[in-house]
2 protein chains.
Amino acid sequence: MQKDHHVVVVGGGFGGLQLVNDLKGVPVRVTLIDRRNHHLFQPLLYQVATTVLATSEIAWPIRHLYRDRPEVTTLLGEATAVDKVTRTVMLANGPAIAYDTLVLATGATHAYFGHDEWAPVAPGLKTLEDATTIRRRVLLAFEQAEVEDDAAIRDALLTFTVIGAGPTGVELAGIIAEMAHRTLPGEFRRIDTRRARVVLVEAGPRILPAFSDDLSAYALRELDKLGVEVRTGTPVTDCTDFGVMIGDEFLPSRTLVWAAGVQASPAAGWLGIESDRAGRALVGRDLTAPGHPEIFVIGDTASVKQEDGSPVPGIAPAAKQQGAFVARVIRARLEGRPVPAAFRYRHQGSLATIGRRAAIIDFGRIRLKGALAWWIWGIAHIYFLIGTRSRFAVAWSWLWTYLSGQHSARLITQKETLRKEGDAGRLP
Amino acid sequence: MQKDHHVVVVGGGFGGLQLVNDLKGVPVRVTLIDRRNHHLFQPLLYQVATTVLATSEIAWPIRHLYRDRPEVTTLLGEATAVDKVTRTVMLANGPAIAYDTLVLATGATHAYFGHDEWAPVAPGLKTLEDATTIRRRVLLAFEQAEVEDDAAIRDALLTFTVIGAGPTGVELAGIIAEMAHRTLPGEFRRIDTRRARVVLVEAGPRILPAFSDDLSAYALRELDKLGVEVRTGTPVTDCTDFGVMIGDEFLPSRTLVWAAGVQASPAAGWLGIESDRAGRALVGRDLTAPGHPEIFVIGDTASVKQEDGSPVPGIAPAAKQQGAFVARVIRARLEGRPVPAAFRYRHQGSLATIGRRAAIIDFGRIRLKGALAWWIWGIAHIYFLIGTRSRFAVAWSWLWTYLSGQHSARLITQKETLRKEGDAGRLP
């Protein structure tokens, strides 16, 4: 390898940032490209969607994180292709960027299982804009119900459907129910927000399938206490402006949220390599593209097998471990030391919260549930937030919500067109 | 007046809220209609546009403010017309609302002096969306300059033009310059943000014409210290995607901000009464519409003369005083007491800040400038913020910015399409 080795990283998520962090002190130039100017702490995105946190509390300008690393250049850019022969990344908004080592950490988005026409009706939750869109629709549904004279339309406005009962779906449904039943009553005069229905639909046999049976059953009981109606074992067959088809039954519901499927970014296509059903690039045990040891694919856009043949899960800790692994490989190569042959994933546990007071944690041998789990979850997440300012702000927001029961981020932004609900269905 | 007197207030700005606040204890039902779900603290909006504050720090859900006032109903609604005969307000998104007393407090927006085609190129600053649009464009200009290879395009990207040198224009220009020259250097590798130009254009002979000559001259010197280029005495004659015509000279500049003109909301048109050049409804000295003592117009959408014939200025304290006056009139009428004949405006002073350390205050007899004025300005604004949580959050954000020099609200949100700058001009 030459002296002025240039590592190009596409994607400033958990994997990309861990890699760049761990390259500190390694004699390389780094260019970090992202089409957003911010790193997003996705595990808390559902709290922005449900008015607990503000956008600025869970996202940070990427270039600010590396202000003291002169060898790191941050570019706001949209990668569109990779030329493996000339070793360059193409950008939609600027010149091609040449690399010596390329790391693709471009993440995933939500998938509608061949029903992309559902996307505008049932937004998913991957970006800050997704979160503010969901927040706007949830808040506008209550607002419009307060103005609406037609009882059937009002009921549909006050029915919220979350599709998919993984951690994100459970967390969303729990907080929407809490908002309707505990935060908002007393602020409305014509409607009783406690009559709002929150329906959580899951095609599989039980909620939170990644957790053990008993934790899943506990979460179900907690959701029931919060007033969430859970429907398992029935797939959603249609999503429209006016409601959702659950199996053969139509549920009038003006606000749908999609938390069901995941689709990898097109990194595999850029490289011309094989991908799995979710579009994840099939890479080797050392996370490199077949035949291209200078190209790594990590995080949600990579499909990697563990030693026992099971896939590495698409969660933040896995992406961070992969970023750290690639940094070790680059360092070893530059120093001419033996290069680690295979990435090994260490599962640290699974966490999910149900509303404001309960959580479940599965560390494998140790399982926790209830208020203690909620506090551990909260402290762990504050610990992983970047920057003292955000830690302080989020801790303060949570304490405020915990003690006052009030949500502090209830603004409806983006231009909305107000109109009679009889005219059309979807809220803006 | 009947027992169940219904006061309908359209507009939840400073005037509308003061009125509803002061109607506490008065035996009336109140319906407060706004097309936004939030009250906005407009005097600090420029700090959202310039990445100092987050949106949630200067805006609050209106219905939350009146949760403990069961006689107050808040409706998210877009008023479209008033029927003075049947005494009803028409809504775009719901049933007509009947009133006994109507108060229109619908505010103003920015005006382009017959050049509405400039609006998409040179956004003004009246709403949260305006502020996030300006913030996005300012941040994207720096980002795109970092990627751009063409020197001329890069220079145009690094030239920021603020049109209009009233308090808002001066405040915007000051903070953009501070951001370019003090906050951002060190985070960019290919450009030197200190080379960015901030140009403040004013058609009139001097900046801040509402202030005395010496305070205006002081502000000019402070802007100069911050690196702002001030051009007075020359009107802007065109705004395009690529720059601005100042008199006969074309200045290549990709980011324009409009802080020049004001246009009242269409309240005068709804009532079919006369308006002044800026569209403000000409109301009587008692703020009622001619021939309709049950209809009041207050705040930026009303044109009211003082005793000496000069107009009441379109600023927050004037709107609040008018709201308080109307509450007194309604109370007096209901109690059968003598009704105050005319609104009297008490000018409490004018304030403006220049960057992070200097301000000017004109109390009439007392004039202040410099750091002391800045602290008085900051404390006064924190005092006027609603809610202990926001006061705390803003004080914290300012202290953070003051001590660290860092701005904390630097997210680019809303979907942006990235593309080569050679292709087209305007940033998304």
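Residues numbered from 1 in each chain as written. Chains lettered and ligands numbered in written order. Predicted model: local features only at pLDDT ≥ 70, side-chain atom pairs only at ≥ 80, totals over all residues. Heavy atoms only, no water.

- For chain A, an unreviewed UniProt entry supplies the name NADH:ubiquinone reductase (non-electrogenic) and the organism Sinorhizobium saheli.
- The UniProt entry for chain A carries the following comment under Sequence similarities (unreviewed entry): "Belongs to the NADH dehydrogenase family."
- Taken verbatim from the UniProt record of chain A, the Catalytic activity (unreviewed entry) comment is "a quinone + NADH + H(+) = a quinol + NAD(+)". (UniProt positions renumbered as here; feature names shortened; annotations may be inferred.)

1. A closer look at the relation of the copies chain B and chain A
What relates the two chain copies is a rotation about an axis together with a slide along it.
Piece 1. Mapping chain B onto chain A leaves a residual RMSD of 0.0 Å; the transformation is a rotation of 180° accompanied by 0.0 Å of translation along its axis. In short, the pair behaves as if placed about a two-fold rotation axis.
Piece 2. Comparing interface residues between copies, 100% of those in chain B also lie at the interface in chain A; the contact surface is shared. (Least-squares fit on C-alpha atoms with pLDDT ≥ 70 in both. Contact = heavy atoms within 4.5 Å.)

2. Considering the packing of aromatic side chains
Working definition: an aromatic ring pair is given by the centre-to-centre distance plus the angle between the planes.
Piece 1. Under the counting rule described, the total for this entry stands at 22 aromatic pairs over all chains.
Piece 2. Between the aromatic rings of Tyr 383 of chain B and Phe 384 of chain B, the centroid separation amounts to 5.3 Å while the plane-to-plane angle is 75°, which identifies the pairing as edge-to-face.
Piece 3. Phe 384 of chain B sits in the partly exposed class, given a relative accessible area of 45%.
Piece 4. The structure contains a cluster of three or more aromatic residues connected by ring pairs, namely Tyr 112, Phe 113, Trp 118 and Trp 258 of chain A.
Piece 5. The cationic tip of Arg 63 of chain A hangs over the ring face of Phe 188 of chain B; the distance from NZ or CZ to the ring centre is 3.8 Å. (Phe/Tyr/Trp six-rings, centres within 6.5 Å; stacked < 30°, edge-to-face > 60°. Buried < 20%, exposed > 50% of the residue type's maximum accessible area, 1.4 Å probe, protein only. Lys NZ or Arg CZ within 6 Å of the ring centre and 35° of its normal.)

3. Let's talk about unusual backbone geometry
Piece 1. Located in the positive-phi region is Leu 208 of chain A, a residue other than glycine, with phi close to 50°.
Piece 2. Along the chain, the position of Leu 208 of chain A falls in the loop between β12 (197-202) and α7 (213-226). (Helix = DSSP H or I, 4+ residues; strand = E, 2+ residues; numbered from the N terminus.)

4. Focus: helix α1 (residues 14-22) of chain A
Piece 1. Taken across its nine residues, α1 of chain A has seven buried, putting it largely inside the fold.
Piece 2. Residues of α1 of chain A that are buried: Phe 14, Gly 15, Gly 16, Leu 17, Gln 18, Leu 19 and Val 20 of chain A.

5. Examining a nonpolar patch on the surface
Residues and elements named next belong to chain A.
Piece 1. On the surface, Phe 363, Ile 366, Leu 372 and Ile 376 cluster together into a nonpolar patch covering about 360 Å² of accessible area.
Piece 2. For Ile 376, the location among the structural elements is in helix α10 (residues 371-384).
Piece 3. For Ile 376, a relative accessible area of 32% corresponds to the partly exposed category. (Patch = residues over 30% accessible without salt bridge, like charges linked within 9 Å, V, L, I, M, F, W, Y side chains within 5 Å. Areas by Shrake-Rupley, 256 points an atom, 1.4 Å probe, with all protein chains shown as cover. Salt bridge = Lys/Arg side-chain N within 4 Å of Asp/Glu carboxyl O.)

6. Quick look at the sheet that holds strand β8 (residues 94-98) of chain A
In a beta sheet, neighbouring strands pair by backbone hydrogen bonds and run either parallel or antiparallel.
Residues and elements named next belong to chain A.
Piece 1. Strand order in the open sheet made by the three strands is β6-β7-β8, with antiparallel pairing throughout. With one partner strand each, in any of the chains shown, β6 (79-83) and β8 form the two edges of the open sheet. Put simply, the sheet's adjacent strands are angled 20° from each other on average, direction ignored.
Piece 2. Here β6 runs beside strand β7 (residues 88-91); their pairing, made up of four bridges, is antiparallel. (Pairing = 2+ DSSP bridges. Axes fitted to C-alpha atoms, helices over the stretch in contact; angles between N-to-C directions.)

7. Some words on the pairing of strand β21 (residues 292-297) of chain A
Consecutive side chains along a regular strand alternate between the two faces of the sheet.
Residue and element names in this part refer to chain A.
Piece 1. Extensive coverage of β21 is indicated by the burial of five of its six residues.
Piece 2. Sheet topology places strand β9 (residues 101-104) next to β21; three bridges connect them, and they run parallel. Within β21, the residue paired with Leu 104 across the bridge is Val 297.
Piece 3. Taken together, the two bridges between strand β20 (residues 288-289) and β21 define a ladder with antiparallel strand orientation. Directly across from Thr 288, in β21, lies its bridge partner Phe 296.
Piece 4. Adjacent in sequence and paired antiparallel, β20 and β21 are bridged by two residues, among which Gly 291 carries a positive phi angle near 80°.

8. Points about the domain arrangement of chain A
Piece 1. As assigned here, chain A comprises domain 1 (5-35 + 77-107 + 265-335) and domain 2 (111-261 + 349-404).
Piece 2. One C-alpha centre belongs to domain 1 of chain A, the other to domain 2 of chain A, and the line joining them spans 32 Å. (Domains from an automatic or database assignment.)

9. Focus: the UniProt feature "domain: FAD/NAD(P)-binding" (unreviewed entry) in chain A
Piece 1. According to UniProt, the positions carrying the feature "domain: FAD/NAD(P)-binding" (unreviewed entry) are residues 6-323 of chain A.
Piece 2. The distance separating the terminal C-alpha atoms of residues 6-323 of chain A is 16 Å; by composition the span is 28% helix and 29% strand.

10. Points about the nonpolar core
Piece 1. Core analysis: the largest hydrophobic core is formed by 67 residues, its most contacted members being Ile 58, Phe 142, Leu 200 and Ile 360 of chain A.
Piece 2. Considering every element that reaches this core, the biggest residue donor is helix α6 (residues 167-183) of chain A, with eight residues.
Piece 3. Each of domain 1 (5-35 + 77-107 + 265-335) and domain 2 (111-261 + 349-404) of chain A gives at least three residues to this core.
Piece 4. Beyond its immediate chain neighbours, meaning those up to four positions away, Leu 200 of chain A contacts Val 162, Gly 164, Ala 165, Gly 169, Val 170, Ala 173, Ile 207, Leu 223, Val 228, Glu 229, Val 230 and Arg 231 of chain A.
Piece 5. With 65 residues, the next largest nonpolar core counts Val 48, Leu 184, Tyr 218 and Ala 219 of chain B among its residues. (Core = buried A, V, L, I, M, F, W, Y, C linked by side-chain atoms within 4.5 Å.)

11. Description of the pattern of salt bridges
All names here are of chain B.
Piece 1. All chains considered together, the criterion is met by 32 salt bridges over all chains.
Piece 2. Linking Glu 222 and Lys 225 is a salt bridge whose minimum nitrogen-to-oxygen distance equals 3.0 Å. On the criterion of helical spacing, the pair formed by Glu 222 and Lys 225 is a turn pair, its members being three residues apart in helix α7 (residues 213-225).
Piece 3. For Glu 335, the salt bridge identified is with Arg 337, shortest N-O distance 2.7 Å.

12. Here we look at the interface of chain B and chain A
Many authors give the size of an interface as the accessible area that is lost as the parts come together.
Piece 1. The partner chain A presents 62 residues to the 62 residues of chain B that form the contact.
Piece 2. One salt bridge in this structure joins Glu 143 of chain B and Arg 63 of chain A, with 2.6 Å as the shortest N-O distance.
Piece 3. With eight residues, the single largest contributor to the side of chain B that touches chain A is helix α4 (residues 128-147) of chain B.
Piece 4. The residue makeup of the side of chain B that touches chain A, split by class, is 24 nonpolar, 18 polar and 20 charged. (Nonpolar A, V, L, I, M, F, W, Y, C, P; charged D, E, K, R; others polar.)

13. Brief notes about the sheet that holds strand β15 (residues 243-246) of chain B
Residue and element names in this part refer to chain B.
Piece 1. Reading across from one edge, β14-β15-β16 is the order of the three strands in this open sheet, with antiparallel pairing throughout. With one partner strand each, in any of the chains shown, β14 (236-239) and β16 (249-252) form the two edges of the open sheet. Sheet twist, expressed as the mean angle between neighbouring strand axes with direction ignored, is 20°.
Piece 2. Alignment of β14 against β15, held across three bridges, turns out to be antiparallel. In the sheet register, Asp 238 faces β15, and the bridge partner there is Met 245.

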